[in-house]
Amino acid sequence: MADHKHHTSHEEHLREQHLMLDPMPRGKMNEMVMEAMHTTSWKFWLVFGLLAAIVAYALFYKWGVMILEGLGVAGVNRPSYWGIFLVNTVFWIGISHAGTFISAILRVFKAEFRRPFTRAAELMTTFGLVQAGFSIFMHMGRVWLSYWLMPIPNQRGLWPNFHSPLSWDLLAITTYLLSSTMYLFLPLIPDLAMARDRTPDGTWQKVFYRTLALGFRGTEGEWTHLRNALNIFAFAIIPVMFSVHTIVSWDFAMATRPGWNSTIFGPYFVVGALHSGMGAVVMVLAVVRGTMKNMKYFIRPEHFEAIGKLMLIISMTWGYFFFNDYIVQWYGGDKWTKELLHWHEAGPMGWMWFGMLICNVAIPWAILWNKKWRSTPWLLFIVGMLINVGMWFERYIIVPISLTINRMPFTWRLYQPGIEVWLGIGTLAFFILLYMAASKLIPLIPVWEVQEGQMAHSLKKYGRETVVTVSELE
Amino acid sequence: MAEEKSLLAVFSDIDPAADAIEQLRLLGVHDDCMNVISGIPVTEAMLGRPSQWTNVPRLALGGAAAGFLVGVFLAFITPNMYTIQVGGQPFTPVPPAVIVMFEMTMLGMLISTFVGVFFDSLFPNYRPMHYVPEISDGKIAILIECPPPDTQKITDVLKKLGAESVKEAEAQHL
Amino acid sequence: MTVDLNKLHAVGAIAEAAEGKWGMVIDMDLCTGCQACVAACAMENNIPYVEEEDAGYGRSMHWIRTERFWEGEYPEVKISGYQPMLCQQCGKAPCEPVCPAFATVHSQAEQLNLQVYNRCVGTRYCANNCPYQVRSFNWRDYQDSRVRPEITILANQFNPDVTVRRRGVMEKCTFCIQRIHKAQDKAKSEGREVEDGEFTTACAQACPANAITFGRIDHPESLVSQLARSPRAEHHLEELGTLPRVTYLKEG
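What counts, and where the lines are drawn
- Residues numbered from 1 in each chain as written.
- Chains lettered and ligands numbered in written order.
- Predicted model: local features only at pLDDT ≥ 70, side-chain atom pairs only at ≥ 80, totals over all residues.
- Heavy atoms only, no water.
- Axes fitted to C-alpha atoms, helices over the stretch in contact; angles between N-to-C directions.
- Helix = DSSP H or I, 4+ residues; strand = E, 2+ residues; numbered from the N terminus.
- Parallel < 35°, antiparallel > 145°, perpendicular 65-115°, else oblique.
- Left-handed = near helix turned anticlockwise from the far one by under 90°.
- Contact = heavy atoms within 4.5 Å.
- Nonpolar A, V, L, I, M, F, W, Y, C, P; charged D, E, K, R; others polar.
- Disulfide = S-S within 2.5 Å.
- Buried < 20%, exposed > 50% of the residue type's maximum accessible area, 1.4 Å probe, protein only.
- Buried area = accessible area lost by both parts, 1.4 Å probe.
- Salt bridge = Lys/Arg side-chain N within 4 Å of Asp/Glu carboxyl O.
- Pairing = 2+ DSSP bridges.
- Domains from an automatic or database assignment.
- Core = buried A, V, L, I, M, F, W, Y, C linked by side-chain atoms within 4.5 Å.
- Expected span 1.5 Å × (residues − 1).

Engineer: Summarise the packing of helix α4 (residues 84-108) of chain A against helix α17 (residues 420-441) of chain A; cite the residues concerned and give the values.
Structural biologist: Residue and element names in this part refer to chain A. Look at α4 against α17: their axes get within 9 Å of each other, and the N-to-C directions meet at 20°. With respect to α17, the axis of α4 lies roughly parallel. Of the two elements, α4 crosses α17, and the hand of that crossing is right-handed. For the pair α4 and α17, contact is made by I84, F85, N88 and W92 and by E420, L423, G424, T427, L428 and F431, respectively. Looking at the contact of α4 with α17 residue by residue, the classes come out as 6 nonpolar, 3 polar and 1 charged.

Below, the structure is given as structure tokens:
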């Protein structure tokens, strides 16, 4: 009797753990996703309203003040000509990398656990890039003339300077923004069709979904074209992703500043981006699972466990690159670099340096090795948040703190943030606001991909053991 | 003018649908007259259908080539239109050009892939089409566009194989 | 063996090292730190004053600054030298390639590093990349009379040969290019070349100790070239390979 119970409960246990083994009729899943979209409580609207107010004041109003008065209201000076604006730019581009990692790299490697949250992650990419765009436009002295940097024929007869890493930035970020938005939209089409089918006529939502669904039905041709495109996108967007943050790192690596002119910045920044991005994904998933209806079915502790494993590996890789950069600078003996390293650790902002190491390395290594802890959503939320804090510290150290120490000691001066704090808060509020709006407008879970995965998974007995098997349906 | 009636048979599983397609072929319905509309991508091989061609890879390649040419233009031709000396570097150095060409190639490839889907699938398509909303609930529907005159026989066969519903397909606004 | 650099199609740094036109020598042993050069430059080039708060925060707009160095602990402090620091007009300027808008470029006629105010969009990458930190950014509208009414009166002393910059634009020492052009125009109208010593920059003109000398470094007999050949001569941050046009004389 006990044996019999053990067998069935093992299977039941597997089904409870794994979304892919716990299929529901597609109609039911569709209904759950639509319900999650349509259910809004007063708490949602309260937070939404608050965020909208913050965005209006901290982002748009304060930016207007800065445009009218000049960058003097910010904290940038000689020698820290770049401050929190660039920190935030790099930060948001970093966060955007998580989306591509999950929807592209995990897809290429056929990691099935990605299925329910690829869209949630891809939304982070698009919205994160919007905030990065805001941050980079903010830092310009004459932002109203920024269109001069666009590489299109113009009546001034001048093209942008392609020797400059900032021009490469423009091309790379535009490519990445457009690509990831397209990659977000393509697998969204079948779910928009589903939303269209489940929305009654006569509402603005029906018009919205019908227009965006483009008349998708699910014919053989449509699926073939779509899947072909998704395969191309998944493979092609990976090098784009790597190149984008490498190019952003070259804004610093191409400069002659001590501490900046490091050849390892390329991969160091890419891994740093993945680090903060995965931390942000896990935060978003924890919130979505906790606040939206029916999400506990789709997003399970197994997903947090899998992401937690990735976070641990990425944290180790980040530690490797950080140490590599550090020891080469420390060993070299160049007096300016030595002064800079000393300033990082023992200067007035030394607490930030230690905080970075604790948040990026110590805490993930202490917590993420344990499978049970990895499967706890709220714990991973905290770890993710601390990782993001640590990574923001890392970029703050690289930009304003490193700029303080240069080869002209007469100009050394500490950077004190000004209006950038407001503007940074504004971008954060805008990110959350956009995400909340999207969660109510489009289905957050790609149900067709979940069903596809569930079709491919089954339980098979090997001897006395029941094991999960995955068929390759493509 | 004889009205071309189309039949739409809805199945909920792959096996009955595959059997149905085989039976329809035996009943004389040509592969070209059949179309499978489904809520999840079911490969043609699973249903015994001929492979669907797609232009998307070719368009992607063409887009990549176009993007590459744009990159070459930006990196090598624009500096020579108005030469400006900066930093002791040659007017058209190769390493920065590589970056520009790479990004433009990828952008060209991805935009043309995206547009290729629209182009091949004839999106956006807001005309009335043969469809039933149950399809997005995971059903597999077989659209028979030129059925033989004896539709009752086909209907019986399909119902016997497990079709949830077999009816005349109406072209409706989605 | 002589190498014809033109045949090598040498551009940029290599070609520059062979040429170079306008240069400066600053004798740090003669400099008294009086800052007359700073004042003269500000007068000549319409440089705004930024007021106490901004100046304390490192936002002075001075195109030339006198750096003081001292040794020892208080009260046994010894001044070890004054160093006027200005734009070195590098032959291989790190500030030039990084501007996305081509606002800082190398002039092939005057062999100077130019700052094009009306092209600058204010990304400040050039200032980050300058190893000498000699670039100044207009953090506010320091010259706008709507923001600072006192400018209306002070505007009377503006140099009409030099423009006034608005917020969001980078600026730096130009080797008084307006004086260079004036002298060149005068010489051209007389059908000759500019002679060494015919004119000089504002800072060199004002220095009471004659610590700053300006002139044609492509003429080996000019005063500047002679001074630059002194055994005391050195270039700052030479190891970076920026090929500066300013030579410093020290420790005589």
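Engineer: Tell me about the state of the cysteines, residues and numbers included.
Structural biologist: Put plainly, a disulfide is one covalent bond tying together the sulfur atoms of two cysteines. Inspection of the entire model under this criterion finds 1 disulfide over all chains. Sulfur-sulfur distance for the disulfide between B:C33 and B:C146 comes to 1.8 Å. Sign of the S-S torsion, about -115° for the bond between B:C33 and B:C146, identifies this disulfide as left-handed. In this pair, B:C33 is assigned in the loop between α1 (14-26) and β2 (34-38) and B:C146 in the loop between β4 (140-144) and α5 (151-161), connecting sequence segments 113 residues apart. The buried category is assigned to B:C33, whose relative accessible area is 14%. Summary of cysteine pairing: C:C90 is not part of a disulfide, and the nearest cysteine sulfur, belonging to C:C87, is at 6.3 Å.

Engineer: Can you tell me about the interface of chain B and chain A, naming the residues and giving the values?
Structural biologist: Chain B puts 60 residues into the contact, and the matching count from chain A is 56 residues. Contact between chain B and chain A buries roughly 5200 Å² in total, counting both sides, with carbon and sulfur atoms accounting for 69%. Contact with chain A buries area across many residues of chain B, yet B:P41, B:L110 and B:L174 alone supply 13% of it, more than any other trio. On the surface where chain B and chain A come into contact, there are 2 salt bridges. In this structure, A:R198 engages B:D137 in a salt bridge whose closest nitrogen and oxygen atoms are separated by 3.0 Å.

Engineer: Kindly report on the sheet that holds β2(B), identifying the contributing residues and their values.
Structural biologist: All names here are of chain B. Across the sheet, which stays open at both edges, the 4 strands sit in the order β2-β4-β1-β5 with antiparallel pairing between neighbours. The open sheet has two edge strands with one neighbour each: β2 and β5 (165-168). Neighbour to neighbour, the strand axes of the sheet diverge by 20° on average, direction disregarded. Note: β2 against β4, 5 bridges, orientation antiparallel. Pairing of S38 across the sheet is with I140, part of β4. Sheet strands in contact with α1 are β1 (7-11), β2 and β4, and its direction is about 15° off that of β4. α5 contacts β1, β4 and β5 of the sheet and is inclined by roughly 5° relative to β1.

Engineer: Which residues make up the domain arrangement of chain B, and what are the values?
Structural biologist: Split into domains, chain B comes out as domain 1 (9-53 + 135-168) and domain 2 (56-120). Measuring from the centre of the C-alpha atoms in domain 1 of chain B to the corresponding centre in domain 2 of chain B gives 46 Å.

Engineer: Can you break down the nonpolar core residue by residue, with the values?
Structural biologist: Among the nonpolar cores identified, the biggest contains 251 residues, and A:F298, B:L158 and C:F175 are the most heavily contacted of them. Residue assignment places this core across two domains, with domain 1 (9-53 + 135-168) and domain 2 (56-120) of chain B each supplying three or more. Those residues in contact with B:L158 that lie beyond four places of it in its chain are B:A9, B:F11, B:A20, B:L24, B:I144, B:A163 and B:V166. Counting 11 residues, the second largest nonpolar core, distinct from the first, contains B:L8, B:V132, B:L143 and B:A169.

Engineer: Can you tell me about helix α10 (residues 265-291) of chain A, naming the residues and giving the values?
Structural biologist: Across its 27 residues, α10(A) extends 38 Å between first and last C-alpha, which sits within 8% of the 39 Å expected from 1.5 Å per residue. For α10(A), the tally of buried residues reaches 23 of 27 residues, placing the bulk of the element in the interior.

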